[in-house]
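Single-letter residue listing:
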Amino acid sequence: MVEFKDVSVTYSSGVDALNKINLKINDGDFAFVVGSNGAGKSTLIKLILKEIDATEGTVIANGYNLKKIRRSKISKLRRTIGVVFQDFRLIPTMTVYENIAFVLRVIDAPKKYIKTRVPYVLELVGLSDKMKAYPEQLSGGEQQRVALARALVNDPKLIIADEPTGNIDPELSYDIVELLKCINECGTTILMVTHEHNLVRYFGGRVINLDGGKIVFDEEVGGNNENK
Amino acid sequence: MRISSIGYLVKQGTTSVWKNRMMSFASFCILLVSLMLVGFSVLVGINISSIVSGIEDKNEIVVILHDDISQEQTDNLFVQIKELSNVSNVEFYSKEEAWKSIVEDMTEEEKSFMQYAENDNPLPDTYRVKVSDLELMDITTSQLKTFGGVESVQSPTEFASALVSIRNIVALVSSTVVFALVVVCLVIISNTTRASVHARRKEINIMKYVGATNTFIRVPFFIEGMLIGIISAVGALILTRFAYNELYTVLNDQLKLMNIIGTKSLYAFDSIALPVTVCYLAAGTLIGALGTTISTGKYLKV
């Protein structure tokens, strides 16, 4: 569960990125966050990941009050969140297997579990045959699926997908969101930031529209599969 | 933390040396040159100090005794001299020994002439006194002059003070050079490790996002830095040994020079190999490990 209570963020440059935001994303929700550049989408994600602090208000993510959280607990908070970035952010010196296994090593998972879990998630994203490949040997779509596998390998409560389709072919975009929808059906909360309105219209669901640091729209919209 | 996790981190650190071989090589070269420069400067400084000390040891005060003093007075004088705080060694040199030494250096003709004068040896008995601190030679000389039975005291005080000045200058110059080199090398090493870590800032950033603790991220960097440090130290040690031995051989072949400074004034590498090896390895390991670990700190604040 993620909750924003009267949250404002003003950067040191004086820019007001978020202005008195109130938002609640329940466990098991799938929400699109849309908005133009500078609307405050990235700031929203940075707050949840505790990359920045709110100037005012309270942010609660997966049971952690981010205003009061100790620095040493930030890594624990992040272990409950899987993140998928637009630029994939895979470690180039590690193979696909090692990139995914790294998340499990961080949580001190047993070797046996790692050996069974990593191939399992790679199978889920359809990349069982790419286990030994390095990120540079994969296409954009494949890299994003590896990033997705990495995000879900430790079974997080929440997955944040920050423009996950921004760097891949439009055709593959639908596959990625389809995958996210599948993961959501298993109970994982998904927060997907995008400015691809076609995708939002196609899949439908909860849409949160940000503009000028404020929520201007937060409602369920119906999907339209024929737009694909 | 599980043992397998520790093993994983160690393995990560070890394999990173090869995976990031370009930056590893740059760090290795910088560390190798730095260790060699500083190490060689220290070795040269130590040897120069040793040479000056060798020359200092050859300086002694000659205490000339009255002709008419008894054996008992001579023995008492030995005790009195020995008790002076700045005196490190006293040796009695009889007039017979002095005569023998002079005659030995003469030609056969001169020797045959001198044998007639042997029974009327004009040379005095002397004490040869070595001091522990050349700077206090003046005071020691004055004290010796006050003792009964002493006719005169010959002391190379001017040469001694010149030597003291040389020793002080050598100490100042060598420590300044070493200090300057250490500072310059640390700046270069710090920049190299920073550049090496900067190149992998995204990697660190990703690790932070997936929930890795600072320790989990730092340990492989620490091991990687340590390994590069050890390899550089071994390389620097081999090159230093080679260069030092070459210089040592060249200097030892200069017979005239060795007569002045004393053959034992220069340290053979093998006689100082252990402390030099320990210092190189310790410096290489510490600089490599700490440099890399400190440099990662900047990128952990995410």
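Now for a look at the structure at hand.

Reading the values: rules and limits
- Residues numbered from 1 in each chain as written.
- Chains lettered and ligands numbered in written order.
- Predicted model: local features only at pLDDT ≥ 70, side-chain atom pairs only at ≥ 80, totals over all residues.
- Heavy atoms only, no water.
- Helix = DSSP H or I, 4+ residues; strand = E, 2+ residues; numbered from the N terminus.
- Rg over C-alpha atoms; globule rule 2.2 N^0.38 Å.
- Buried < 20%, exposed > 50% of the residue type's maximum accessible area, 1.4 Å probe, protein only.
- Contact = heavy atoms within 4.5 Å.
- Areas by Shrake-Rupley, 256 points an atom, 1.4 Å probe, with all protein chains shown as cover.
- Axes fitted to C-alpha atoms, helices over the stretch in contact; angles between N-to-C directions.
- Left-handed = near helix turned anticlockwise from the far one by under 90°.
- Nonpolar A, V, L, I, M, F, W, Y, C, P; charged D, E, K, R; others polar.
- Pairing = 2+ DSSP bridges.
- Patch = residues over 30% accessible without salt bridge, like charges linked within 9 Å, V, L, I, M, F, W, Y side chains within 5 Å.
- Salt bridge = Lys/Arg side-chain N within 4 Å of Asp/Glu carboxyl O.
- Lys, Arg positive; Asp, Glu negative; His and termini not counted.
- Charge placed at Lys NZ, Arg CZ, Asp CG, Glu CD.

**Describing the overall build of chain B**
Looking only at helices and strands, chain B has eleven helices and four strands in total. A globule of 302 residues ought to have a C-alpha radius of gyration of about 19 Å, yet chain B, at 31 Å, is considerably larger. Oriented by its inertia axes, the alpha-carbon framework of chain B measures out at about 100 × 40 × 35 Å. Considering chain B as a whole, with its 302 residues, one finds that 41% of them fall into the buried category. Long-range contacts, defined as pairs at least 24 residues apart, comprise 85% of the intrachain contacts of chain B with a sequence gap of at least 6. Accessible surface for chain B amounts to roughly 17100 Å². Of this, 63% is attributable to carbon and sulfur atoms.

**As for the packing of helix 8 (residues 201-209) of chain B against helix 9 (residues 214-253) of chain B**
Residues and elements named next belong to chain B. The contact between helix 8 and helix 9 brings their axes to 9 Å, and the two run at 150°. Note that helix 8 runs across helix 9; the crossing there is right-handed. Listed contacts from helix 9 to Ile204, Met207 and Lys208 of helix 8 are Asn214, Ile217 and Phe221. Grouping the amino acids of the contact of helix 8 with helix 9 by side-chain chemistry returns four nonpolar, one polar and one charged.

**Some remarks on the pairing of strand 3 (residues 126-131) of chain B**
For strand 1 (residues 61-65) of chain B and strand 3 of chain B, the ladder comprises four bridges, and the chain directions are antiparallel. Following the sheet pairing, Val63 of chain B is matched in strand 3 of chain B by Tyr127 of chain B.

**Some points on the environment of Arg194 of chain B**
Residues and elements named next belong to chain B. Among the structural elements, Arg194 can be located in helix 7 (residues 157-198). We classify Arg194 as partly exposed; its relative accessible area is 46%. The spacing of Arg194 and Thr296 is 102 residues in sequence and 7.9 Å in space, taken between C-alpha atoms.

**A short note on a nonpolar patch on the surface**
Taken together, the side chains of Phe222, Leu286, Leu290 and Ile294 of chain B make up a nonpolar region of the molecular surface, amounting to roughly 390 Å² of accessible area. Note on placement: Leu286 of chain B falls in helix 11 (residues 269-297).

**Comments concerning a negative patch on the surface**
The grouping of Asp169, Glu171, Asp175, Glu178 and Glu185 of chain A at the surface amounts to a negative patch. As for its placement among the helices and strands, Glu171 of chain A is situated in helix 6 (residues 170-185).

**With respect to the sheet that holds strand 1 of chain B**
Residues and elements named next belong to chain B. The sheet built from four strands is open, its strands ordered 2-3-1-4 with antiparallel pairing. For this open sheet the edge positions go to strand 2 (87-93) and strand 4 (150-154), each flanked by a neighbour on one side alone. Strand-to-strand, the axes of this sheet are offset by a mean angle of 20°, without reference to chain direction. Relative to strand 3, strand 2 runs antiparallel, the two being bridged by six bridges. Residue pairing in the sheet places Phe92 in a bridge with Tyr127 of strand 3. Running at roughly 5° to strand 1, helix 6 (residues 137-145) makes contact with strand 1, strand 2, strand 3 and strand 4 of the sheet.

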